[in-house]
Amino acid sequence: MEEENNYKNRIIGMYILILYTITLLRSIGEWNLVPTYIDSAIFAISGLIGGIIILYEFYEILLKKEKFNFDPMLILFLIVFGISIILNRQFTFIANIKNFCWEVLFLLVLYQFSKKNALKEKFFLWFQTILVSFSFVMSMISLGMFFVGYSFITKIEGKTNPLRIGFVENRLFGAYADPNYSGVMAGISIIISIFLFKKIAKSLILKIALILNIAIQISFIGLSGSRNALIVLVVMSTVLSFFTVFWKLSNYNKLKKFFVSFVAAILMGIVCFGVIETSRNILIYIPEYVSPVINQDSGKKSLDNQSKSDREINLNREDVERSGDISNMRFTLWKSGLDIFKSKPFFGVGPKSIHDYAQKYLPNTYLAKSNLAVHNAYLNVLVCTGLFGGMFILVFLLKSLIRILQYAFSTDILNSQFMYSAVAILGIAISGFFHNEIFFMSTSSPLVFWVLIGQVNGTIYYDRTQLEGKKSELQS
């Protein structure tokens with residue numbers, strides 16, 4: 001029986017790694033130029049395999065009497081999600097069903113697998129290696145585009161925003177589809193690179209590669225103009241510094257440890273912000289020396305022959321400065337989302353029905369007119385699944401947060417995979433206040449979130465189980 005479970009776990013683990021690699025395709029800007037039917041076919045096959053895994057899991061529960069280990073809050077959330085789809089079946093029913101299937105896959109397969117196999121470091125090392133390797137290559141290409149002054153813009157049918165590649169609108173999109181999501185994942189790549197440097201980097205070449213990746217990701221975040229990514233990186237570096245210092249000061253009393261760690265964390269946050277700003281100020285001068293060579297080789301006008309104003313690189317975002325709105329329309333989007341939520345407060349309108357519903361019943365709202373996303377993962381849950389869905393997700397997230405904090409302050413997590421995964425989860429969770437990429441998405445960011453939160457919750461569960469087992473042995 002144990003051999004059968006190990007074989008099944010290897011299959012599911014391999015599937016998750018392949019699925020993660022596939023979802024990374026959608027973060028590539030050029031992927032938007034691939035015919036839609038190819039993208040749909042790849043993800044349909046991936047989803048179908050995931051559906052077979054889910055059915056097999058329930059088969060084992062029903063017929064083999066396996067224990068029902070799924071998190072009750074996630075199950076209740078999915079039930080509410082299903083009810084929301086039924087109640088809003090007149091709006092994009094098929095699209096909502098597809099979205100529901102992906103959410104089931106993420107919450108019941110990816111999260112559950114990571115939780116059950118939290119102590120199997122090999123899988124997570126493979127997962128983290130893919131994450132870091134992909135971000136290294138993509139951000140390196142993106143920086144290359146910036147240095148040579150490459151830019152490309154085109155409209156994509158069915159998309160609200162155009163496809164932007166390279167250095168466009170005073171910010172680096174690079175090889176990515178979106179600099180905000182990619183900027184956040186660049187920050188995650190930095191955190192994971194630090195862990196891999198300490199954990200597996202034995203050779204000098206690997207150590208240099210990881211250090212280089214950190215420098216590349218810092219550069220990309222600075223040039224991307226993503227305030228979300230900057231906030232996420234500062235918060236992650238602050239928290240990581242806090243717990244690193246906290247557990248290094250083993251001879252201090254708890255109050256003194258906390259105070260010193262807090263001061264060190266604040267200083268690290270300031271340093272991190274300063275490093276990003278410094279990298280921006282240095283990198284803007286590099287194209288002046290690189291572009292003349294490239295342009296002369298290609299027969300274009302050399303920067304040497306351009307006026308000084310033409311040669312200067314500007315990183316000020318016009319979309320923010322011209323709008324006069326510090327939130328870049330997010331406050332307007334959130335207000336519009338709240339208006340939709342108020343009209344359907346209990347079960348919401350479904351994730352793929354927001355715009356159709358708003359255009360029919362609330363045509364004057366900004367979401368109805370713009371077709372933009374809500375740009376807040378938590379508000380989006382309220383809009384899509386109402387109070388009931390929001391309540392179950394809130395309970396799940398709060399329980400996870402409390403467990404993680406209790407474990408982090410009571411167990412030496414210094415240099416552990418738990419510490420770096422928990423910090424990465426925090427980064428994506430913070431990003432959720434500004435973007436949708438945690439729920440109702442079949443992209444790489446939510447996949448990373450659910451795999452890692454499963455890992456940390458599983459680590460806590462197994463450590464507590466072992467501790468309780470030892471207590472039982474002593475008592476007997």
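From a predicted model like this one, the values you see are computed outputs, not experimental measurements.

J.: Tell me about helix H6 (residues 179-199), and please be specific about residues and values.
T.: Between the first and last C-alpha of H6 there are 29 Å, a value that for 21 residues agrees with the 30 Å anticipated at 1.5 Å per step. Burial analysis of H6 places 16 of its 21 residues in the buried class, which makes it a mostly covered element. Backbone nitrogen of Asn 180 and a side-chain oxygen of the N-cap are separated by 2.7 Å at the start of H6; the cap is Asp 178.

J.: Please set out the pairing of strand S2 (residues 163-168) residue by residue, giving values where relevant.
T.: In the case of a regular strand, side chains alternate between the two sheet surfaces. Among the six residues in S2, six count as buried, and that is most of the element. In this structure, strand S1 (residues 151-154) lies alongside S2, joined through four bridges in antiparallel fashion. Within S2, the residue paired with Ile 153 across the bridge is Arg 164. With three bridges connecting them, S2 and strand S3 (residues 171-174) associate as antiparallel partners.

J.: Describe the side chain of His 435, listing the residues and the values that go with them.
T.: Looking at where His 435 falls in the secondary structure, it is placed in the loop between helix H17 (417-431) and helix H18 (444-475). Not counting chain neighbours up to four residues away, the residues in contact with His 435 comprise Asn 180, Tyr 181, Asn 228, Arg 330, His 375, Asn 376 and Ala 377.

J.: So what's going on with the packing of helix H5 (residues 121-148) against H6? Residues and values would help.
T.: Contact geometry of H5 with H6 gives a least axis separation of 9 Å together with a crossing angle of 130°. Comparing their axes, H6 and H5 come out oblique. Viewed along their axes, H5 and H6 form a crossing whose handedness is left-handed. Across from Glu 121, Leu 125, Gln 128, Leu 131, Val 132 and Ser 135 in H5, the residues of H6 making contact are Met 185, Ile 188, Ser 189, Ile 192, Ser 193, Phe 195, Leu 196 and Lys 199.

J.: Talk me through the nonpolar core; I want residue IDs and the actual numbers.
T.: With 131 residues, the main nonpolar core has Leu 105, Phe 106, Leu 110, Phe 439, Phe 449 and Trp 450 as its most contacted residues. Residue contributions to this core peak at twelve residues, all from helix H16 (residues 377-410). Those residues in contact with Leu 110, other than ones at most four positions away along the chain, are Ile 16, Leu 19, Leu 105, Leu 447, Trp 450 and Val 451.

What counts as what
Residues numbered from 1 in each chain as written. Predicted model: local features only at pLDDT ≥ 70, side-chain atom pairs only at ≥ 80, totals over all residues. Heavy atoms only, no water. Helix = DSSP H or I, 4+ residues; strand = E, 2+ residues; numbered from the N terminus. Expected span 1.5 Å × (residues − 1). Buried < 20%, exposed > 50% of the residue type's maximum accessible area, 1.4 Å probe, protein only. Polar contact = N/O pair within 3.5 Å; in protein donor to acceptor, adjacent residues only side chain to side chain. Pairing = 2+ DSSP bridges. Contact = heavy atoms within 4.5 Å. Axes fitted to C-alpha atoms, helices over the stretch in contact; angles between N-to-C directions. Parallel < 35°, antiparallel > 145°, perpendicular 65-115°, else oblique. Left-handed = near helix turned anticlockwise from the far one by under 90°. Core = buried A, V, L, I, M, F, W, Y, C linked by side-chain atoms within 4.5 Å.

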